[in-house]
Number of protein chains: 4
Amino acid sequence: MTTIIAICGSPRRANTYAALQEAIKGAEEVPGTKVEMIELGRLRIEPCIGCRRHTTVEAGPENPCPARKDDFDGKLAAKLAAADGFIVATPVYCGTVSTQLKCFMDRTAALARHGAPGLRGCLRDKVGAGIAVAGNRNGGQEPTLQAIHYWMFCHGMIVVATSTGQWPGCYIGAALTTYPIGGKKDAVLADTLGMEAARATGRRVAEVASWVAGRVKSA
Amino acid sequence: MTTIIAICGSPRRANTYAALQEAIKGAEEVPGTKVEMIELGRLRIEPCIGCRRHTTVEAGPENPCPARKDDFDGKLAAKLAAADGFIVATPVYCGTVSTQLKCFMDRTAALARHGAPGLRGCLRDKVGAGIAVAGNRNGGQEPTLQAIHYWMFCHGMIVVATSTGQWPGCYIGAALTTYPIGGKKDAVLADTLGMEAARATGRRVAEVASWVAGRVKSA
Amino acid sequence: MTTIIAICGSPRRANTYAALQEAIKGAEEVPGTKVEMIELGRLRIEPCIGCRRHTTVEAGPENPCPARKDDFDGKLAAKLAAADGFIVATPVYCGTVSTQLKCFMDRTAALARHGAPGLRGCLRDKVGAGIAVAGNRNGGQEPTLQAIHYWMFCHGMIVVATSTGQWPGCYIGAALTTYPIGGKKDAVLADTLGMEAARATGRRVAEVASWVAGRVKSA
Amino acid sequence: MTTIIAICGSPRRANTYAALQEAIKGAEEVPGTKVEMIELGRLRIEPCIGCRRHTTVEAGPENPCPARKDDFDGKLAAKLAAADGFIVATPVYCGTVSTQLKCFMDRTAALARHGAPGLRGCLRDKVGAGIAVAGNRNGGQEPTLQAIHYWMFCHGMIVVATSTGQWPGCYIGAALTTYPIGGKKDAVLADTLGMEAARATGRRVAEVASWVAGRVKSA
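Now for a description of the structure that goes with this document. (Residues numbered from 1 in each chain as written. Chains lettered and ligands numbered in written order. Predicted model: local features only at pLDDT ≥ 70, side-chain atom pairs only at ≥ 80, totals over all residues. Heavy atoms only, no water.)

So, the interface of chain D and chain A
Move 1: Contact residues are listed per partner, giving 34 residues for chain D and 34 residues for chain A.
Move 2: With both chains or domains summed, chain D and chain A bury close to 3100 Å², and 54% of this area falls on carbon and sulfur atoms.
Move 3: Of all residues in chain D, the largest losses of buried area upon contact with chain A belong to D:Arg113, D:Phe153 and D:Trp211, amounting jointly to 24% of the total for that side.
Move 4: Run the count over chain D and chain A and you get four salt bridges.
Move 5: With nine residues, helix H5 (residues 192-218) of chain D is the single largest residue contributor to the side of chain D that touches chain A.
Move 6: Of the residues that constitute the side of chain D that touches chain A, the class distribution is 16 nonpolar, eleven polar and seven charged. (Contact = heavy atoms within 4.5 Å. Buried area = accessible area lost by both parts, 1.4 Å probe. Salt bridge = Lys/Arg side-chain N within 4 Å of Asp/Glu carboxyl O. Helix = DSSP H or I, 4+ residues; strand = E, 2+ residues; numbered from the N terminus. Nonpolar A, V, L, I, M, F, W, Y, C, P; charged D, E, K, R; others polar.)

Laid out in structure tokens, this is it:
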């Protein structure tokens with residue numbers, strides 16, 4: 001069984017959520033895949049303040065960040081650590097990830113190389129890919145995908161993209177747009193190019209995670 | 001008189017603050033320059049939730065975001081709108097801007113093309129540059145500077161970088177590092193290459209803002 | 001009179017050329033603007049081999065690169081040095097600028113901070129913007145524009161983007177696509193969003209160059 | 001046996017070559033790894049002119065590009081297609097890959113989704129990582145690594161970075177600098193942080209390629 005976490009970085013349940021649902025369908029096309037979505041818009045996660053208390057003995061698997069009591073707790077950390085792959089989706093705000101996704105990313109410092117005792121490096125070797133939904137056609141999707149990749153590389157992840165298909169629309173992940181419809185909650189459904197890319201991205205994460213997960217476990 | 005706003009994107013008063021202080025000294029070397037710092041770590045600014053209420057008649061110069069009552073208010077918006085240039089400094093977290101800076105950026109949607117009535121496009125023609133401080137040597141400073149530029153371009157700003165000096169360390173803005181000292185509050189002071197770049201960046205913003213501000217006003 | 005150089009980075013006279021023609025029309029909307037196009041596909045420019053002979057006394061305004069006898073000569077260097085602004089257009093190949101444009105960029109090392117005597121820093125304070133044309137919808141236009149900006153910042157240029165318009169398609173420069181038509185020579189003409197952005201980009205370079213050129217000359 | 005191709009994108013045998021040698025040592029630490037270096041500076045590869053003749057029946061495994069007779073021939077294409085992983089190293093010129101590496105990248109269009117019959121998609125599922133060597137400290141290494149990644153994603157590759165180590169210097173690949181020594185051929189040897197990252201990058205490619213290669217073959 002390969003476990004994929006699908007992270008929805010939108011504050012709302014709208015276009016990014018719809019794109020991520022499509023990616024989940026793609027992941028589920030790969031036999032033996034189980035996907036769970038984490039909606040950041042439904043969680044209360046406070047910003048990291050760079051205090052580094054997560055590197056001290058106060059911190060640990062049950063308590064990744066001693067400075068905060070919120071939804072980025074030991075239960076969430078354990079779920080992330082147990083996954084084989086990540087599909088990270090975000091609306092594009094000002095050319096990069098949403099504040100909500102950025103906030104989540106910063107708090108994963110507790111899981112990185114210098115992270116909390118018992119959690120350090122726990123996202124290493126996971127397989128990841130990104131999905132970006134923008135209001136403009138070339139509205140920051142590509143830099144946003146690169147920002148998602150950067151976060152993945154910080155954790156030692158293995159990064160994949162759309163991979164298949166003749167016209168993926170974007171080569172480095174799924175790029176979707178609500179243009180020219182605009183701010184409607186389901187505008188992205190009209191973007192068939194982007195929706196196909198979302199599905200391909202989900203399938204690709206599941207495919208490569210299934211290869212890598214087995215190897216890591218057998219190592 | 002040229003007015004520069006120096007935005008400190010750190011949750012703390014530490015290395016990014018020190019780098020920005022140096023940039024302010026650089027800006028003040030240009031005659032007729034006045035600089036004011038905004039420390040995001042001292043303000044309470046809630047994340048944008050993408051509701052677009054800033055585009056409605058509820059919003060306006062006194063009330064840029066009807067969905068929030070916090071420090072991103074009419075007074076702050078007026079200050080940003082009145083400036084001629086911006087120096088934006090941030091610690092690098094996960095390869096890009098801090099959550100605190102991202103949160104501020106997202107809220108400036110109220111000042112953009114589709115922003116609040118009376119504020120739309122009010123940052124156009126401002127001159128801007130970025131400063132990034134990372135714990136690793138090549139620890140995300142350059143993608144972070146590009147993320148700052150992206151935000152500036154969203155607002156129609158004019159973007160500059162270090163410009164002068166034989167060894168600026170970085171060509172696209174000031175890149176500083178606390179490596180190999182690590183997490184001490186003033187570690188960046190030992191980075192003479194980076195500190196010189198911070199000063200050059202501040203001077204450059206003030207220089208070009210003084211050219212452009214006059215021209216825009218006379219147009 | 002403001003002089004703008006429009007650089008066509010395509011090996012062919014096709015879609016990128018058409019986009020650049022539109023940008024030139026935009027630039028010419030600004031009174032007092034004169035534009036000259038340089039088509040790299042019509043010049044013979046050999047790759048830089050990193051020998052640094054351009055930093056020696058062998059080099060100079062008449063002879064920017066002692067290692068090469070080709071079309072990147074003193075006449076071309078003088079033309080670049082005399083301009084007030086640059087519009088740089090390229091097809092997107094593998095997510096960034098064409099080899100032809102990259103080759104040109106590398107050879108401008110002779111005009112940079114450590115460049116040939118008499119040419120060092122001669123592109124400083126020029127105003128620049130980029131145009132990228134890709135076969136896919138989100139096919140690398142944005143990273144390509146960032147690569148063009150990086151080159152501009154290496155030379156101390158002042159970088160602008162689309163700036164105006166409610167739906168520019170892209171915020172950091174003009175992003176065009178030949179999708180879904182494909183490889184036809186004039187496919188990009190059907191991309192009205194991108195063509196409008198090309199025109200806006202040209203106009204913006206001319207506008208800001210007219211402000212800056214006067215100020216630099218009077219300094 | 002896992003086969004890794006190490007591509008040296010420098011026109012010279014100097015610092016980038018030295019960094020790549022170190023990466024090869026890292027790759028060879030993984031049992032069962034065989035590495036072959038391709039030095040682009042020793043090959044004659046002409047720029048792609050976007051004619052798309054590689055998509056026609058004229059093209060094929062023996063003749064990837066009908067428009068050119070040079071060292072990017074059927075033998076080189078077969079070698080690339082047979083590899084399990086790629087380490088791509090380049091000097092940073094103007095903030096991104098060298099012209100020599102860009103030229104090679106563009107010609108791999110013949111191996112991509114729309115490539116020559118019999119070669120289409122032949123680089124899919126390869127594992128890749130990048131190495132960038134710059135004259136400045138934050139001199140474009142990170143955007144250069146992102147440009148290398150972009151090319152890899154165009155081919156459906158699986159991208160990895162430094163992954164291990166407490167202070168990798170850079171998270172998204174190996175970033176080296178010749179600063180402050182400057183243009184000497186072996187200046188990079190003094191950059192112990194960067195050299196360690198180069199070794200870690202090579203090891204990482206070999207490690208993940210060994211996992212993936214087996215899985216793909218068994219599929």
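Picking up after the structure, the text goes on.
Here we look at the packing of aromatic side chains
Move 1: With the rule as written, the count across this model stands at twelve aromatic pairs over all chains.
Move 2: On the basis of an interplanar angle of 50° and a centroid distance of 5.8 Å, the ring pair of B:Phe72 and B:Phe104 is categorised as tilted. Linking B:Phe72 in the loop between strand E2 (33-39) and helix H2 (74-82) with B:Phe104 in helix H3 (residues 99-107), this pair joins segments that are 32 residues apart in sequence. There is no split in this pair, since B:Phe72 and B:Phe104 are both buried.
Move 3: With a centroid separation of 6.1 Å and an interplanar angle of 55°, the aromatic rings of C:Phe104 and C:Trp151 are classed as tilted. Of this pair, C:Phe104 sits in helix H3 (residues 99-107) while C:Trp151 sits in helix H4 (residues 141-154), placing them 47 residues apart in sequence.
Move 4: The buried category is assigned to C:Phe104, whose relative accessible area is 2%.
Move 5: The class for C:Trp151 is buried, based on a relative accessible area of 1%.
Move 6: Through a chain of ring-to-ring contacts, three or more aromatic side chains come together here, namely A:Phe72, A:Phe86, A:Phe104 and A:Trp151. (Phe/Tyr/Trp six-rings, centres within 6.5 Å; stacked < 30°, edge-to-face > 60°. Buried < 20%, exposed > 50% of the residue type's maximum accessible area, 1.4 Å probe, protein only.)

Examining the interface of chain B and chain D
Move 1: The partner chain D presents 22 residues to the 22 residues of chain B that form the contact.
Move 2: Between chain B and chain D, the buried area comes to about 1900 Å², and carbon and sulfur atoms account for 48% of it.
Move 3: The tally of links between chain B and chain D comes to two salt bridges.
Move 4: Between B:Asp191 and D:Arg137 there is a salt bridge whose closest N-O contact spans 2.8 Å.
Move 5: On the surface where chain B and chain D come into contact, there are 18 residue pairs in polar contact (both at pLDDT 80 or more).
Move 6: Secondary-structure elements contributing two or more residues to the side of chain B that touches chain D are helix H4 (141-154), strand E6 (174-177) and helix H5 (192-218) of chain B.
Move 7: Take the side of chain B that touches chain D: its biggest share by element is four residues, from H4(B).
Move 8: Its residues assigned to classes, the side of chain B that touches chain D comprises nine nonpolar, ten polar and three charged. (Polar contact = N/O pair within 3.5 Å; in protein donor to acceptor, adjacent residues only side chain to side chain.)

Description of the side chain of C:Glu39
Residues and elements named next belong to chain C.
Move 1: Here Glu 39 shows up in strand E2 (residues 33-39).
Move 2: Within polar-contact distance, the side chain of Glu 39 engages the side chain of Arg 13 at 2.4 Å.
Move 3: Every residue in contact with Glu 39, bar those within four places of it in the chain, is listed here: Cys 8, Arg 13 and Tyr 17.

Description of the relation of the copies chain B and chain D
Move 1: You can overlay chain B on chain D at an RMSD of 0.0 Å; the transform is a turn of 180° with a shift of 0.0 Å along its axis. The transformation just described matches what one would write down for a two-fold rotation axis.
Move 2: Of the interface residues in chain B, 100% have counterparts in chain D that sit at the interface too, so the contact is made through matching surfaces. (Least-squares fit on C-alpha atoms with pLDDT ≥ 70 in both.)

Describing the pattern of salt bridges
Opposite charge on two side chains allows them to pair when their charged atoms are near.
Move 1: Under the counting rule described, the total for this entry stands at 64 salt bridges over all chains.
Move 2: Put simply, B:Arg199 and B:Glu29 hold a salt bridge, and the shortest N to O gap is 2.3 Å. Placement of B:Arg199 in helix H5 and of B:Glu29 in the loop between helix H1 (15-28) and E2 is noted, with a sequence separation of 170 residues between them.
Move 3: Judged by relative accessible area, which is 25%, B:Arg199 ranks as partly exposed.
Move 4: In the salt-bridge network here, residues are joined through shared partners; they are A:Glu22, A:Lys25, A:Glu29, A:Arg199 and A:Arg203.

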